[in-house]
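Examination of the molecular architecture
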Amino acid sequence: TWPSYRVPVILPRSTLNLDKPQFDAEARLEVVSPCGPACHKSSPLPTYEEVKNYLSYETLYANGSLTETEVGIYILSNSGGGSQGKSRTKRQIYGYDSRFSIFGKDFLLNYPFSTSVKLSTGCTGTLVAEKHVLTAAHCIHDGKSYVKGAQKLRVGFLKPKVKDGSKGANITNSALPEKMKFQWIRVKRTHVPKGWIKGNANDIGMDYDYALLELKKPHKRKFMKIGVSPPARHLPGGRIHFSGYDNDRPGNLVYRFCDVKDETYDLLYQQCDAQPGASGSGVYVRMWKRQNHKWERKIIGIFSGHQWVDMNGTPQDFNVAVRITPLKYAQICYWIKGNYLDCREG
């Protein structure tokens, strides 16, 4: 069952105009960080002022202008601060784990697969509102600078090909499944949290590897809601799911699921098979929504990428997803809706 979270309120307090950025970073399709689960769990919790700084954000506009918004964090009524994901007994046994290429428009154009979109920088994103796409921050910004192509960022939707080679086809890859093509929509503005920009993908930066894109026009597809990430032990079967455009299967949407191996308050560690290009995919689960008496899928994290971790002198690899905590939920929801009253329930 989806737990009910009381969500804090994050509101803009001031916005400054910044100099126009240089779009000179190379788009890296995966992030490498030396800080593994034990390192994250032992790092001190950020102070209130630090969290306010991390959740402040930059907004990049299609005309190249850039702003920085400082935020305030407010706790209304008797809301709790969320549990502090302590380490659990480690599960050593993995179930069957593989990737499935999704073929045929009957699947590709149907929910939930239809919510996966491709970014022109090479990553994946997920539709989370009529005009909004959730993705990884490193697909847009390398921690120091915006990547080449971020100003003219586009989002690609797989669609059936029209027979008469209609205009605006923009087919970027000849290996697309038969009779499918990408149709592209320009991005109007992009929000990236300061925790990513300041952190530069080091120990703390990975916790904030997410970004929200606002499209220039509605995409008219069904989208997936975001939700606060429950503790791994509350996930159905301890499992997560995500679909993305992995590099080694050009033009294919690739779906996978696997067990969560470990978690911190901000990150999920798992060993789902994934290749660069899948980063930015929305990590989702399907749980019972008691209030509505129905099953509901929600995005509870953003797939960040591959990470080698030194575990007692032995290298071990994980794939890492950024969890949507109550604070991140409040921030992303406000970016989407522009009204904190619509963001009170996670």
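As named in an unreviewed UniProt entry, the chain is Serine protease 23, taken from Acanthisitta chloris. Looking at the Sequence similarities (unreviewed entry) heading of the UniProt record, one finds this comment for the chain: "Belongs to the peptidase S1 family."

1. Quick look at the nonpolar core
One finds L134 and I140 to be the most contacted residues of the largest nonpolar core, which totals 74 residues. Ignoring anything within four residues of it in the chain, the contact list for I140 reads L119, T135, Y146, V147, A150, L153, T190, V192, A211 and L213. Grouped together as the second largest cluster of nonpolar side chains are 16 residues, L268, V283, I300 and A321 included.

2. Comments concerning the pairing of strand β3 (residues 57-61)
With respect to burial, β3 is a largely interior element, 4 of its 5 residues being buried. Bridging between β3 and strand β4 (residues 66-74) involves 4 bridges; their strand directions are antiparallel. Within β4, the residue paired with L60 across the bridge is L66.

3. A short note on the packing of aromatic side chains
Pairs of aromatic rings are described using the distance from one ring centre to the other and the angle between the two planes. With the rule as written, the count across this model stands at 12 aromatic pairs. Relative to Y146, the ring of F23 has its centre 6.2 Å away and its plane inclined at 55°; by these criteria the two rings are tilted. Taken together, the residues F23 in strand β2 (residues 23-25) and Y146 in strand β9 (residues 146-147) connect sequence positions 123 residues apart. Y146 gets classed as buried once you look at its relative accessible area, which sits at 2%. Taking 5.6 Å as the distance between ring centres and 40° as the angle between the ring planes, the aromatic pair formed by F182 and W184 counts as tilted. Classification of F182 as buried rests on a relative accessible area of 1%. Assessed through its relative accessible area of 13%, W184 is described here as buried.

4. What to know about the side chain of E58
Looking at the secondary structure, you find E58 in strand β3. For the buried E58, no salt bridge exists, and the shortest N-O distance to an oppositely charged side chain is 6.5 Å, to K194. One polar contact links E58 to Y146, side chain to side chain, over a distance of 2.8 Å.

5. Comments concerning helix α5 (residues 326-337)
Here α5 is 12 residues long and its end C-alpha atoms lie 16 Å apart, about the 16 Å a rise of 1.5 Å per residue gives. Taken across its 12 residues, α5 has 9 buried, putting it largely inside the fold. All of the buried residues in α5 are P326, K328, Y329, A330, Q331, I332, C333, W335 and I336. Looking one or two places after α5, you find G338, whose phi comes out positive at around 70°.

6. Thoughts on the pattern of salt bridges
Tallied over the entire structure, the rule returns 11 salt bridges. The shortest N-O distance in the salt bridge between E49 and K52 comes to 3.5 Å. Here K52 and E49 lie together in helix α2 (residues 48-55), a separation of 3 residues that amounts to about one turn. Judged by relative accessible area, K52 falls into the buried class, the value being 12%. E214 serves as the salt-bridge partner of K188, at 3.6 Å between the closest nitrogen and oxygen. Taken together, the residues span a long stretch of sequence, with K188 in strand β11 (residues 180-193) and E214 in strand β12 (residues 211-215) at a distance of 26 residues. Taking the relative accessible area as the measure of exposure, E214 reaches 8% and is therefore buried.

Reading the values: the criteria
Residues numbered from 1 in each chain as written. Predicted model: local features only at pLDDT ≥ 70, side-chain atom pairs only at ≥ 80, totals over all residues. Heavy atoms only, no water. UniProt positions renumbered as here; feature names shortened; annotations may be inferred. Core = buried A, V, L, I, M, F, W, Y, C linked by side-chain atoms within 4.5 Å. Buried < 20%, exposed > 50% of the residue type's maximum accessible area, 1.4 Å probe, protein only. Contact = heavy atoms within 4.5 Å. Helix = DSSP H or I, 4+ residues; strand = E, 2+ residues; numbered from the N terminus. Pairing = 2+ DSSP bridges. Phe/Tyr/Trp six-rings, centres within 6.5 Å; stacked < 30°, edge-to-face > 60°. Lys, Arg positive; Asp, Glu negative; His and termini not counted. Salt bridge = Lys/Arg side-chain N within 4 Å of Asp/Glu carboxyl O. Polar contact = N/O pair within 3.5 Å; in protein donor to acceptor, adjacent residues only side chain to side chain. Expected span 1.5 Å × (residues − 1).

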